[in-house]
Amino acid sequence: MSQVTLKGNPIRLQGEMVAVGAMAPDFEAVKVDLSTVKLSDYKGKKVVLNIFPSIDTGVCAQSVRTFNKEASNLENTVVLCLSKDLPFAMARFCGAEGLENVVPASLFRAKEFDAAYNLLMVEGPLAALTARAVIVLNEEGKVIYTELVPEIAQEPDYAKAIAALK
């Protein structure tokens, strides 16, 4: 079982995150227009999964802004920004910020994501939300990079995630 911290306090996750070299399990999420999106919809593209607890926190919001900026320079790549937030919150944030280079999608109904990716926090004040992580997939859906950010209040290593795409 993996563990992260929130302001230094340990928080257990439900299991071990998907590993580099594995095929990324398919899942469904809900886009801001309430339609569903599957990971498999992006087969043939490189995919960055930017996973975070809530768009309504400073660090999570910054990760979406940063990946939105980086995505505009990436060829044949899609960035899925994933959290348990309702699609309405993600639409409000991305609309207010003018973010158009990422795909915000809610995991609020995605039990298959929770079971396959094991990023659900099972204790602490953010229990039932996802931990902060970045998973990069190649065009075939194979995991080529992962980062489970050890401290929830810390940003991911954007440079390493982007470097994995090249």
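Before any of the text, the structure's been laid out above.
Note that the structure is a prediction, hence the values are computed from the model and not measured. (Residues numbered from 1 in each chain as written. Predicted model: local features only at pLDDT ≥ 70, side-chain atom pairs only at ≥ 80, totals over all residues. Heavy atoms only, no water.)

**What about the overall build of the chain?**
When you go through the chain residue by residue, the secondary structure sums to 4 helices and 9 strands. Its C-alpha atoms give the chain a radius of gyration of 14 Å, within 12% of the compact-globule value 15 Å for 166 residues. Here the C-alpha coordinates of the chain stretch approximately 40 × 35 × 30 Å along the principal axes. Sorting the 166 residues of the chain into buried and exposed places 51% on the buried side. Pairs at least 24 residues apart make up 66% of the contacts formed inside the chain by residues separated by at least 6 positions. A total accessible area of about 7,500 Å² is found for the chain, and carbon and sulfur atoms account for 52% of it. Charge-centre separation for the chain: the mean point of 17 positive side chains lies 0 Å from the mean point of 20 negative side chains. (Helix = DSSP H or I, 4+ residues; strand = E, 2+ residues; numbered from the N terminus. Rg over C-alpha atoms; globule rule 2.2 N^0.38 Å. Buried < 20%, exposed > 50% of the residue type's maximum accessible area, 1.4 Å probe, protein only. Contact = heavy atoms within 4.5 Å. Areas by Shrake-Rupley, 256 points an atom, 1.4 Å probe, with all protein chains shown as cover. Lys, Arg positive; Asp, Glu negative; His and termini not counted. Charge placed at Lys NZ, Arg CZ, Asp CG, Glu CD.)

**Here we look at the sheet that holds strand β6 (residues 77-83)**
Strand order across the open sheet formed by 7 strands is β4-β3-β7-β6-β5-β8-β9, with mixed pairing between neighbours. Two strands lie at the open edges of the sheet, namely β4 (36-38) and β9 (143-148), each paired on one side alone. With strand direction ignored, the average angle separating the axes of adjacent strands in the sheet is 30°. Pairing geometry for strand β8 (residues 133-137) and β9, over 5 bridges, is antiparallel. Within β9, the position partnered with L137 by the bridge is V143. Relative to the sheet, helix α2 (residues 87-97) contacts β3 (28-31), β6 and β7 (103-106), its axis offset from that of β7 by approximately 160°. (Pairing = 2+ DSSP bridges. Axes fitted to C-alpha atoms, helices over the stretch in contact; angles between N-to-C directions.)

**Points about the pairing of β7**
Because side chains alternate across β7, one face comprises the buried residues V103 and A105, and the other comprises P104 and S106, equally buried. Sheet topology note: the β3/β7 ladder contains 2 bridges and is antiparallel. Residue pairing for β7: K31 is matched across the bridge by A105. For β6 and β7, the ladder comprises 4 bridges, and the chain directions are parallel. Directly across from L82, in β7, lies its bridge partner A105.

**Some points on unusual backbone geometry**
Backbone geometry at K7 places phi at a positive 55°, although glycine is not the residue there. As for its placement among the helices and strands, K7 is situated in the loop between β1 (3-6) and β2 (9-12). When its relative accessible area of 71% is taken as the criterion, K7 is described as exposed.

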